[in-house]
Amino acid sequence: GIADGFSGLANVQHLNLNLHHCDSRDSPFGTFSEFGAKLGTMRRTLRVLNLGCSGCEWATFIGLGRGLARLRRLHLLTLAFAQCTNLKDVGLCSLAEGLGKLSKLSGICLDLEDCGLLGGDRGLECLGASLGRLRRLTQLDLNLCGCKAIRDGDLYGFGWNLGSATSLREMRLFLQGTGLGNLALKGLGFGLGKLGQLV
């Protein structure tokens, strides 16, 4: 798979890999645990990563989270995983854990449109907490459109935790088709209220 060639890319600074409509059961990455491990071979040089794939399952994000955690010099990250309909709580929490270790990250775009995020899960709360730990993060784009099972409380926890991301200057949240209600607005309002530096 593609992951097998990563050992020859140890000096790459910018990686663009778009595999939309791939099937995680027959993926050019090999298994995603392998992919995540191979991604770490670029930990000394990789500054910009743009990665896209659809049809992935929750195990994808466990491997990816482990690999991302090793990319400590990464500055800009785009993850486009729209229509990964079986993401689940454990997948998003694992991805969030990896993101929380990217101390040099200044910009992230995360596209999870029409993903199978389930209401009542901790995934969004974990994501908000991890992003809140990134002291150099200045720009955030998050697309959750069409994630119909997300509940008010999930967005509340995300918004509350995001309030710790005090370096944020630009933020775009796309929440159409989610369970956005009064409780979510309260949490988001609290978090955004602490981000007085937003422009």
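Residues numbered from 1 in each chain as written. Predicted model: local features only at pLDDT ≥ 70, side-chain atom pairs only at ≥ 80, totals over all residues. Heavy atoms only, no water.

1. Focus: the packing of aromatic side chains
Step number 1: As enumerated under the stated definition, the model contains three aromatic pairs in all.
Step number 2: Between Phe61 and Phe81 the ring centres are 5.0 Å apart and the planes differ by 65 degrees, which places this aromatic pair in the edge-to-face class. Of this pair, Phe61 sits in helix H2 (residues 58–68) while Phe81 sits in the loop between strand S3 (76–80) and helix H3 (88–99), placing them 20 residues apart in sequence. Comparing Phe61 with Phe81, the two get one shared label, buried.
Step number 3: Every member of this aromatic cluster is reached through a ring pair, and the members are Tyr156, Trp160 and Phe190. (Phe/Tyr/Trp six-rings, centres within 6.5 Å; stacked < 30°, edge-to-face > 60°. Helix = DSSP H or I, 4+ residues; strand = E, 2+ residues; numbered from the N terminus. Buried < 20%, exposed > 50% of the residue type's maximum accessible area, 1.4 Å probe, protein only.)

2. As for a positive patch on the surface
Step number 1: A cluster of like positive charges, contributed by Arg44, Arg70, Arg73, Lys104 and Arg136, occupies part of the molecular surface.
Step number 2: Note that Arg73 resides in the loop between H2 and S3. (Patch = residues over 30% accessible without salt bridge, like charges linked within 9 Å, V, L, I, M, F, W, Y side chains within 5 Å. Areas by Shrake-Rupley, 256 points an atom, 1.4 Å probe, with all protein chains shown as cover. Salt bridge = Lys/Arg side-chain N within 4 Å of Asp/Glu carboxyl O. Lys, Arg positive; Asp, Glu negative; His and termini not counted. Charge placed at Lys NZ, Arg CZ, Asp CG, Glu CD.)

3. Concerning helix H4 (residues 123–132)
Step number 1: With respect to burial, H4 is a largely interior element, eight of its ten residues being buried.
Step number 2: Buried within H4 we find Gly123, Leu124, Cys126, Leu127, Gly128, Ser130, Leu131 and Gly132.
Step number 3: Tucked inside the fold, the buried residues of H4 contact H3, strand S4 (107–111), strand S5 (139–143) and helix H5 (152–162). (Contact = heavy atoms within 4.5 Å.)

4. As for the sheet that holds strand S6 (residues 170–174)
Step number 1: The strand order S1-S2-S3-S4-S5-S6 describes an open sheet built from six strands, whose pairing is parallel. With partners counted over all chains shown, the strands left at the sheet margins are strand S1 (14–19) and S6, one partner each. Each strand of the sheet is rotated relative to its neighbour by a mean of 5 degrees, with strand direction disregarded.
Step number 2: In terms of strand pairing, S5 meets S6 through five bridges, oriented parallel. Note on S6: the bridge partner recorded for Gln139 is Glu170. (Pairing = 2+ DSSP bridges. Axes fitted to C-alpha atoms, helices over the stretch in contact; angles between N-to-C directions.)

5. Some points on the packing of H2 against H3
Step number 1: Across the interface, H2 lies against H3 with an axial gap of 7 Å and an inter-helix angle of 10 degrees. The angle between H2 and H3 places the two elements in the roughly parallel class. Contact residues: H2 offers Trp58, Phe61, Ile62, Leu64, Gly65 and Leu68, while H3 offers Lys88, Val90, Gly91, Ser94, Leu95, Gly98 and Leu99. (Parallel < 35°, antiparallel > 145°, perpendicular 65-115°, else oblique.)

6. Notes on H5
Step number 1: Regarding H5, the residues found buried are Asp152, Asp154, Leu155, Gly157, Phe158, Gly159 and Leu162.
Step number 2: For H5, the secondary structure elements touched by its buried residues are H4, S5, S6 and helix H6 (182–193).

7. Here's the deal with the pattern of salt bridges
Where charged atoms from two side chains of opposite charge come close, those side chains can pair.
Step number 1: Inspection of the entire model under this criterion finds two salt bridges.
Step number 2: Across the salt bridge formed by Asp141 and Arg172, the nearest N and O atoms sit 3.0 Å from each other. Residue Asp141 is found in strand S5, and its partner Arg172 is found in strand S6; the two are separated by 31 residues along the sequence.
Step number 3: Looking at Asp141, the relative accessible area reads 14%, which means it is buried.
Step number 4: Residue class for Arg172 comes out partly exposed when judged on its relative accessible area of 37%.
Step number 5: Salt bridges sharing common partners tie together Asp141, Glu170 and Arg172.

8. Some words on the environment of Glu113
Step number 1: When you line up the elements, Glu113 lands in the loop between S4 and H4.
Step number 2: As for Glu113 and Asn143, which are separated by 30 residues in sequence, their C-alpha atoms are 5.8 Å apart.
Step number 3: Within polar-contact distance, the side chain of Glu113 engages the side chain of Asn143 at 3.3 Å. (Polar contact = N/O pair within 3.5 Å; in protein donor to acceptor, adjacent residues only side chain to side chain.)

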